[in-house]
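Chain and residue survey
So you can see what is in the structure, the chains are spelled out below.
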Amino acid sequence: QVQLMESGGGLVQAGGSLRLSCAASGSFSSIDAVGWYRQAPGKQRELVARITSGGSTTYADSVKGRFIISRENAKNTAYLQMDGLKPEDTAVYYCNADVNIRGNYILTRYWGQGTQVTVSS
């Protein structure tokens, strides 16, 4: 079984910064892509950023230039550095990971429980 644990959320003023972490634990062979998503009240969950195993990144237009996704493979951890936060960034942030459990290139997607980010104006 694989567990993903997000941390680093909180309350911050507009213009501030937060760094989210997503740590994977359990028994698995490797982690392929990792993504950060967010869901604001009354809205659908949306992709914020994604990073492949090779380090290629994708960002939502709304966060380009403000957020940076990264990963530390040796620690099975991914990060989302969020700068220049805006009230509209307020949401629950979730990470997901495509995990290769047995080393046979079959990937299973896991989700974390989410961490709340609140940006005050």
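Quick note: structure is the one above.
These remarks concern the structure in this document. Nothing here was measured: the structure is a model prediction, and the numbers come from that model.

Concerning the nonpolar core
- Counting residues in hydrophobic clusters, the biggest one holds 32 residues, and the most contacted among them are Trp-36, Val-48, Phe-67, Leu-80, Met-82 and Tyr-93.
- Among the secondary structure elements, those contributing two or more residues to this core are β1 (2–7), β3 (18–26), β4 (30–39), β5 (46–51), β7 (67–72), β8 (77–82), β9 (91–100) and β11 (115–120).
- Every residue in contact with Phe-67, bar those within four places of it in the chain, is listed here: Arg-38, Val-48, Tyr-59, Leu-80, Gln-81, Met-82, Asp-83, Leu-85, Asp-89 and Tyr-93.

Remarks on the pattern of salt bridges
- Under the counting rule described, the total for this entry stands at seven salt bridges.
- In this structure, Arg-38 engages Asp-89 in a salt bridge whose closest nitrogen and oxygen atoms are separated by 2.9 Å. Of the two residues, Arg-38 is situated in strand β4 and Asp-89 in the loop between β8 and β9; the sequence distance between them amounts to 51 residues. One exposure class covers both Arg-38 and Asp-89, and it is buried.
- Linking Arg-50 and Asp-98 is a salt bridge whose minimum nitrogen-to-oxygen distance equals 2.9 Å.

Digging into unusual backbone geometry
- Phi is positive for Asn-76, close to 50°, though the residue is something other than glycine.
- By secondary structure assignment, the location of Asn-76 is in the loop between β7 and β8.
- One non-glycine residue, Tyr-105, lies in positive phi territory at about 65°.
- According to the relative accessible area criterion, Tyr-105 is exposed, its value standing at 73%.

Examining the state of the cysteines
- Enumeration over the complete set of coordinates arrives at one disulfide.
- At a sulfur-sulfur separation of 2.1 Å, the disulfide partner of Cys-22 is Cys-95. The S-S bond linking Cys-22 to Cys-95 shows a torsion near 65°; that makes this disulfide right-handed. Separated by 73 residues along the polypeptide, Cys-22 in strand β3 and Cys-95 in strand β9 bring together distant segments of the chain.
- You can call Cys-95 buried: its relative accessible area is 0%.

Looking at the sheet that holds β3
- If you walk across this open sheet you meet the four strands as β1-β3-β8-β7, and the pairing is antiparallel. Of all the strands in the sheet, the pair left with one neighbour each is β1 and β7. Taking the axes of each pair of neighbouring strands and ignoring which way they run, one obtains an average angle of 15° across the sheet.
- In the sheet, β1 pairs with β3 via six bridges, with the strands oriented antiparallel. The residue bridging Met-5 from the neighbouring strand is Ala-23, located in β3.

A few points about the pairing of β7
- The side-chain alternation of β7 yields one buried face, formed by Phe-67, Ile-69 and Arg-71, and one unburied face, formed by Ile-68, Ser-70 and Glu-72.
- Sheet topology places β7 next to β8; six bridges connect them, and they run antiparallel. Directly across from Ser-70, in β8, lies its bridge partner Tyr-79.

What to know about the environment of Lys-86
- With respect to the helices and strands, the residue Lys-86 is situated in the loop between β8 and β9.
- In this structure, the C-alpha to C-alpha distance between Lys-86 and Arg-50, residues 36 residues apart in sequence, is 20 Å.
- Filtering out sequence-adjacent residues up to four positions away, Lys-86 remains in contact with Arg-66 and Val-119.

Cut-offs used in this document
Residues numbered from 1 in each chain as written. Predicted model: local features only at pLDDT ≥ 70, side-chain atom pairs only at ≥ 80, totals over all residues. Heavy atoms only, no water. Core = buried A, V, L, I, M, F, W, Y, C linked by side-chain atoms within 4.5 Å. Buried < 20%, exposed > 50% of the residue type's maximum accessible area, 1.4 Å probe, protein only. Helix = DSSP H or I, 4+ residues; strand = E, 2+ residues; numbered from the N terminus. Contact = heavy atoms within 4.5 Å. Salt bridge = Lys/Arg side-chain N within 4 Å of Asp/Glu carboxyl O. Disulfide = S-S within 2.5 Å. Pairing = 2+ DSSP bridges. Axes fitted to C-alpha atoms, helices over the stretch in contact; angles between N-to-C directions.

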